[in-house]
Amino acid sequence: MCSLFTSFKPLSSKRMLSALLKHRNLHTMSEFIQKLNPLTGLNQWVVLNEDYDYHQEVARAAFADMLHDTERNNMYERALKVAIDHMHAQGKKANVLDIGTGTGLLSMMAVRHKADSVVACEAFKPMGACALEVIKLNNCHDKIKVIPKRSTDIIIGEDMEFKANILVTEVFDTELIGEGALGTFQHAHKCLLESDCIVVPHSGTIYAQIIESPLLASWNRLNNVFNNDGELEIKVPEAIKNCKGTANLHDVQLSQLSEHSFNSLVEPQAVFRFDFSGRTPFIYERSSVSIVKSLRNAIAHGVFMWWDLNMDIDNKIILSCAPHWAHPLKTGKAIPWRDHWMQAIYYFPKELKVSQGSEVSLISCHDEYSLWFNIKEGLKVTDADYKCPQCDCNLHNAYARTRIGQLNDAKRTKKFLRIIDDYVNKDIVVLVLSQGFYAGLVAAKRAKKVYFLETNQVSRYVTASFIKENGLENVEIVDASGVLLAEKANIVLAEPYYTTSIVPWDNLLLLHLLKKFQASLTDDVRIFPQKCIIKAVAMQFDDLHKIRAPLGTCNGFLMKPFDHLIESCEISDEVVEAQPLWEYPGLAVSETIEVASFSIHVPNKESNKDLKTTFEVKPGFKCNGIAVWVDWILDDERAEYSTVTSGPVVATEVGKTVQWDVHSRQGVSLLGNREMPSVFDYALRCDFESAECTIEFKPVS
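Every chain is numbered independently, its residues counted from 1 as its sequence is written. Reporting of local features is limited, given that this is a predicted model, to residues whose pLDDT is at least 70; pairs of side-chain atoms are given and counted only at 80 or more, and all residues count toward the totals for whole chains, interfaces and linings. Each side-chain value is worked out from all heavy atoms of the structure, with water and hydrogens disregarded.

Trainee: So what's going on with the nonpolar core? Residues and values would help.
Mentor: A general tendency of soluble globular proteins is for nonpolar side chains to be buried together. F172, I210 and F373 are the most contacted members of the largest nonpolar core, which totals 92 residues. Secondary structure elements follow DSSP: runs of H or I no shorter than four residues count as helices, runs of E no shorter than two count as strands, and numbering proceeds from the N terminus. Counting residues per element, this core draws most heavily on helix α4 (residues 70-89), at seven residues. Residues are treated as being in contact if the distance between any of their heavy atoms lies within 4.5 Å. Contact partners of I210, with chain neighbours within four places excluded, come to N263, S264, L265, V266, V292, A300, G302, V303, F348, V360, L362 and I375. If you look at the next biggest cluster of nonpolar residues, it comprises 50 residues, including V478, A538, I593 and Y682. Put simply, a nonpolar core is a bunch of buried Ala, Val, Leu, Ile, Met, Phe, Trp, Tyr and Cys residues held in one set by side-chain atoms that sit within 4.5 Å of each other. The buried label goes to any residue with under 20% of its type's maximum accessible area, the exposed label to any with over 50%, and the partly exposed label to all in between, with areas taken from a 1.4 Å probe on protein chains only.

Next comes the structure, spelled out in structure tokens:
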């Protein structure tokens, strides 16, 4: 079961303490914590391995993804060699400090290129221990000192004998500065480095490109709801229409966007340069204004953002995170793949209509950790235009960008409106069991009464604003599951969608809610959707599998201890994780399989199920992952026209790239580089008593 976590709470009762003692192993103490069950929406106590926390950190930190990034590794090594050779050419010793060493890879590179001393620090103890093993395996243990501390806690004369004159580090994220890079560099220059030091990388540059994109706009602002005749049904509140949104980045693999989904209004602009060398002051808060001319008539919705690193002092080694159309390699989409550093979308506080050739001001701002952007016509820039946008309508606080896009999906919405038109009338009482389902409010214009379940406080605020804006006096928000309704419901309507859901089948929380509300439903109640189908297909991903793949060797260094660490961390991650698969191309290598089908009834007539499905990978292909999704059948009699999917938007074909819904996350089990047989089993366990659903993959014996 894929779950979110609440913080650890001390055991407060003898019953809980007894349970903990019952599950204690004499050799290995287990953790007893609360997990949120997304299928019930309730916290439950579970027993976990004592090393769970660090295993989870390792499993989800994308260490393997970084180390599979050959271009990154090679450029770091080339820049390190340049720095070491430069020091030696000046008659100086090359004393290297590696901050956040991870596996020790960069430190071992420094040794290979004749550094005179190497000190590495790693505050995350499991990775520090792994680094020691990797370093020893590669016979570098007598040349590298590993300090199990944060760099900001290192003291010269105690932890390090003397200051270093070469710093190598990788403390960057998609936003470049989001991991505290500025503070790390500033402290290192002040306390740990010589004044004439060389830093690898030497500097970084952030780029922004103004774009027009209806797709991006759909991820940021809600649209009014219209019926099938084009008539307005539900109006978006003015507060939501005028909200400036948030400055939170929307990280995306931009190279996977269709070239038809956006227009570039200007060429990429270098908006910030960060000098890591220490030659100039580190400034935590800055802004810049770029005066540019629009290339076309368009609406400016936001910017694409990425960055480059100048790795060496001569600026000859450039590591670029640009999407394919702006990448220095200029080789179409054949650019290095990486998931630890992606690109990002930032939305303007207010969209701007521009004309071809007109001048606009692109305003770029940053603080110690974050970026934000704005756009103004001409040179009309005021102090207010530099302020970081804050959401005051709560929509952007309640939902992810892709959820907003899902609500804006007109084709999807029309399927629900058809159900409302066909089954709801003035004698009907409707219960809506789906969070933020604003199209469901259309039922209020047809029904006698609508009850709308909203257990999330922020989401409830937004729903209330829709009700008020549209004058829907017959709608009552229910803020707790199981409340006895004043009038029994004849119809239950759900997408379903819940903020606690992670993988698609977590929305089977609907079954749990139906059980809670059973006393408030008529005997002949009709429930939409009527069926849930879990489907899956074997995949040959181009790159996504690398985030779970072992290394073997990396730039000539043996990485067996790290591979063992990654493999041991499988205890912490779910067998199936959630990923937006449209960002990760791959071929279907089997037929699509219907794994399980559930009818939605009250009371629930489903019994616990142990299901097994066999996948057959077609000859000539290799399976490195399984993609899993859910189809919701709103009306079983018209399934062809009433299916709402979280999976492929067109039928899959063996050997063809799968086209995924861009507003959903699918489930995926990544097999790394494991050799799977051509035929293997898929096991699914559905427990309707505890509302747990687990998925396993087992090769056929």
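Still more to cover.
Trainee: Please set out the packing of aromatic side chains residue by residue, giving values where relevant.
Mentor: A pair of aromatic rings is counted whenever rings of Phe, Tyr or Trp (Trp by its six-membered ring) have centres within 6.5 Å, and the orientation is called stacked for planes under 30 degrees apart, edge-to-face for over 60 and tilted otherwise. Within this structure, the stated rule accounts for 19 aromatic pairs. Through pairs of rings, three or more aromatic residues link up here, namely F172, F185, F276, W307 and W341. Working rule: Lys NZ or Arg CZ, within 6 Å of ring centre, within 35 degrees of ring normal, means a charge sits over the ring. If you follow R286 out to its NZ or CZ, it ends over the ring of F274, 4.8 Å from the centre. We note R403 situated over the ring of Y497; from NZ or CZ to the ring centre the distance is 3.7 Å.

Trainee: With reference to specific residues and values, describe the sheet that holds strand β7 (residues 164-169).
Mentor: Two strands qualify as a pair provided that DSSP identifies no fewer than 2 bridges between them. One open sheet holds the five strands; their spatial order is β6-β5-β4-β7-β8, and the pairing between them is parallel. Among the strands making up the open sheet, the edge pair consists of β6 (144-147) and β8 (193-200). Averaged over all adjacent pairs, the angle separating strand axes in this sheet is 25 degrees, with direction ignored. Judged from the four bridges that link them, β7 and β8 form a sheet pairing that is parallel. Opposite L167, over in β8, you have V199 as the bridge partner. Helix axes are fitted only over the stretch in contact, all axes being lines through C-alpha atoms; the angle between N-to-C directions runs from 0 to 180 degrees.

Trainee: If you had to explain the packing of α4 against helix α5 (residues 105-112) to someone new, which residues and values would you point to?
Mentor: One way to put it is that α4 packs onto α5 with a least axis distance of 9 Å and a crossing angle of 45 degrees. In terms of axis orientation, α4 runs oblique to α5. α4 and α5 meet at a crossing whose hand is right-handed. In this structure, α4 uses N73, Y76, E77, L80 and I84 to contact α5, whose residues at the interface are L105, L106, M109, A110 and R112. Here the term charged refers only to Asp, Glu, Lys and Arg, the term nonpolar to Ala, Val, Leu, Ile, Met, Phe, Trp, Tyr, Cys and Pro, and the term polar to all other amino acids, Gly among them. For the contact of α4 with α5, the residue count by class is seven nonpolar, one polar and two charged. Angle categories are assigned with fixed cut-offs, so that under 35 degrees is roughly parallel, over 145 is roughly antiparallel, 65 to 115 is roughly perpendicular, and the rest are oblique. What makes a crossing left-handed is the near helix being turned counterclockwise from the far one by less than a right angle; a clockwise turn instead makes it right-handed.

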